[in-house]
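A closer look at the structure
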Amino acid sequence: MGRPARRARVVEPLFPIGRVVKKAERSEHQLKKAEPRNEWWRTSQDRLSLSFVPDKVLGRESEALQLKDTLDGILRADRGGAVYVSGLPGTGKTLTVKSVLREVGCRSIWVNCASQGEPRAIYGTLCDRIKGSTTSESTEANLIATLSKKGEKTILVLDELDFLITRDLSLLYAVFELPKKCSEAVVLGIANSVDLPERLLPWLRACQSVPVVFPFRPYTSDAMEKIILQRIEKDVMDLPAVKLCAKKTAAVNGDVRLALDVCRAAIDSVKNMPSRPKTFIAEIVRIFDSRGGVSGVRRTLENLPIQQQVVLCSFVRKLSDQKRKEATLGSVYDEYQPMSLRVGTSSLTFGEFSNICNSSLSQTGLVEVAEAKLVRRKPTGRSPRRQSSLTSPRTKVLRLCVAEADVRECFQARRLLRDLLPSAS
């Protein structure tokens, strides 16, 4: 007789089968529901990060066009050239330069000067980037020899150029004089110091090595609105919230990085909600309030060199005399001269004074310089020389673009400037 057939062993499940299936179905259902909820914010949040590079640079179209034309002219010439791009942080300097370099099509070497342990190491870093090695001697002669050996023009982009400032500014002088010594060198400096050209100009003008200066003013609210809408997907954030963020940022400092960061934080704070909110206005207000309402104007005023602060004090004093928000350059300069003597700073010539108002103070958005309105008069028989004096630089109009109270409040805290301000009415 054969062996009796074995009984099949039945293994009892640890959990009831029905419960496992239901749980699996429920998890699958939850994943399907959660997926579209996550998708609405993910792409926009990535595009709002500072590492994202848009296809088109908005708000800097004219600056980009002028910069490209300048670089094209330098590259076609038989000699080198120098360009200086200045402006406050977050005004699109680096992004615009990168966009222009892609169009120019010339070899470029990009160095962030902030990463240099010692300012004079910049020569060795540039040589290493050109040759692709790490053993170059850090001297100007070695850099010139390396560029000459290549035999082609190279754009040397020095970002954060402020970090090359030494006590006697000799390194910066040498950097901008490099194209004069080497026709293959095109120096393109980027810096936050809007007054750097004024400090360098006397020497560079004497050496005929003056760079072409491109000032970047803070973004307007309209420009920032376009930049935000360029980065977020359609219907991710409502237009009134975008406008509010742009206006608040423009009122603080015009730094587009702040606007992008606030929008990113607003999306991040609601991404886990069951549904997308109809408006982000409350979130935008909450984020700005949580970061404090420190005025960007005040920070700008505090960071100005003492000479420019004295110029603004003289302007505010002149405005208090005539109860208006504008005055001629000549009248403000007349007010400035005795003030500079009281503070103990070296007195500027009218040309230097006018240059500071037209460039440094204008670039920061603190003042605006406009041509005087020409009044038609009957012929008086004056000589042409006499008539031309009616439109001299002294008659240009200087306008204050920020609240006079902000200037007073900031400088009242400085004992050196406090006595220069007019008494509050």
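Our structure is the block above this text.
All of the points below concern the structure found in this document. (Residues numbered from 1 in each chain as written. Predicted model: local features only at pLDDT ≥ 70, side-chain atom pairs only at ≥ 80, totals over all residues. Heavy atoms only, no water.)

1. Considerations on the sheet that holds strand β7 (residues 367-370)
Here is the rule we go by: Should DSSP find at least two bridges between two strands, the strands are regarded as paired. A run of DSSP states H or I qualifies as a helix once it reaches four residues; a run of E qualifies as a strand once it reaches two. Both are numbered from the N-terminal end. Axis definition: a line fit to C-alpha positions, over the contact stretch in the case of helices; interaxial angles, taken between N-to-C directions, run 0 to 180 degrees. Contacts between residues were defined by any pair of non-hydrogen atoms, one from each residue, lying within 4.5 Å.
Reading across from one edge, β6-β8-β7 is the order of the 3 strands in this open sheet, with antiparallel pairing throughout. Each end of this open sheet is capped by a strand with a single partner; those strands are β6 (326-328) and β7. The average undirected angle you get between the axes of adjacent strands in this sheet is 25 degrees. The sheet strands contacting helix α14 (residues 329-343) are β6, β7 and β8 (397-400), and the helix crosses β6 at an angle near 85 degrees.

2. Re the sheet that holds strand β5 (residues 212-216)
One open sheet holds the 5 strands; their spatial order is β2-β3-β4-β1-β5, and the pairing between them is parallel. Of all strands in the sheet, those bounded by a partner on one side alone are β2 (108-112) and β5. Within this sheet the neighbouring strands show an average axis-to-axis angle of 15 degrees, counted without direction. As paired elements, strand β1 (residues 81-87) and strand β4 (residues 185-191) share 6 bridges and run parallel to each other. Among the inter-strand pairings, Tyr-84 is bridged to a residue of β4, identified as Gly-189. Packed onto the sheet, helix α6 (residues 170-181) meets β1, β3 (154-159) and β4 and runs at close to 155 degrees relative to β4.

3. Describing the pattern of salt bridges
Applicable threshold: The rule for a salt bridge is simple: a side-chain nitrogen of Lys or Arg has to be within 4 Å of a carboxyl oxygen of Asp or Glu. For every residue, the accessible area (1.4 Å probe, protein chains only) is compared with the maximum for its type, and the residue is labelled buried under 20%, exposed over 50%, or partly exposed between those bounds.
Tallying each qualifying case throughout the model produces 12 salt bridges. A salt bridge links Asp-72 to Lys-68; the nearest nitrogen and oxygen atoms lie 2.9 Å apart. Linking Asp-72 with Lys-68, this pair stays in helix α2 (residues 61-76), spanning 4 residues, or about one helical turn. With a shortest N-O distance of 3.2 Å, Arg-408 and Glu-404 are connected by a salt bridge. Of this pair, Arg-408 and Glu-404 both sit in helix α18 (residues 404-412), 4 residues apart, roughly one helical turn. Arg-408 sits in the buried class, given a relative accessible area of 17%. Classification of Glu-404 as partly exposed rests on a relative accessible area of 22%.

4. Let's talk about the side chain of Asp-255
Inclusion rule: Pairs of N or O atoms are called polar contacts if they sit within 3.5 Å, as long as, within protein, a hydrogen donor faces a hydrogen acceptor (for residues adjacent in sequence, only side-chain-to-side-chain pairs).
Turning to its location among the elements, Asp-255 is positioned in the loop between α9 (239-252) and α10 (256-270). Only 2.9 Å separates the side chain of Asp-255 from the side chain of Arg-257, close enough to count as a polar contact. The contact partners of Asp-255, leaving out residues within four places of it in the chain, are Pro-89, Gly-90, Met-224 and Thr-249.

5. Describing the packing of helix α8 (residues 221-231) against α9
Inclusion rule: Oblique is the label for any angle not covered by the other classes, which are roughly parallel (under 35 degrees), roughly antiparallel (over 145) and roughly perpendicular (65 to 115). Each crossing is labelled by how the near helix is turned from the far one, with a counterclockwise turn of less than a right angle marking it left-handed and a clockwise turn marking it right-handed.
Look at α8 against α9: their axes get within 8 Å of each other, and the N-to-C directions meet at 135 degrees. Judged by the angle between their axes, α8 and α9 are oblique. Seen from above, α8 lies across α9 with right-handed handedness. For the pair formed by α8 and α9, the contact residues are Ser-221, Met-224, Glu-225, Ile-228 and Leu-229 on the first element and Leu-239, Val-242, Lys-243, Cys-245, Ala-246, Lys-247, Thr-249 and Ala-250 on the second.

6. Describing the nonpolar core
As a reminder of what qualifies: We define the nonpolar core as a collection of buried residues of types Ala, Val, Leu, Ile, Met, Phe, Trp, Tyr and Cys that are connected through side-chain atoms lying within 4.5 Å of one another.
In terms of nonpolar packing, the biggest core is built from 34 residues, with Leu-301, Phe-353, Leu-366 and Phe-411 touching the most fellow members. Mapped onto this core, the elements with two or more residues apiece are α12 (296-302), α13 (306-322), α14, α15 (350-358), β8 and α18. With 7 residues, α13 is the single largest residue contributor to this core. Apart from residues no more than four positions distant in its own chain, Phe-353 is found in contact with Val-311, Leu-329, Val-332, Tyr-333, Tyr-336 and Leu-348. Ile-122, Ile-130, Leu-143 and Tyr-173 belong to the second-largest nonpolar core, a separate cluster that totals 31 residues.

Such coordinate-based values are descriptive only and should not be taken to indicate function.
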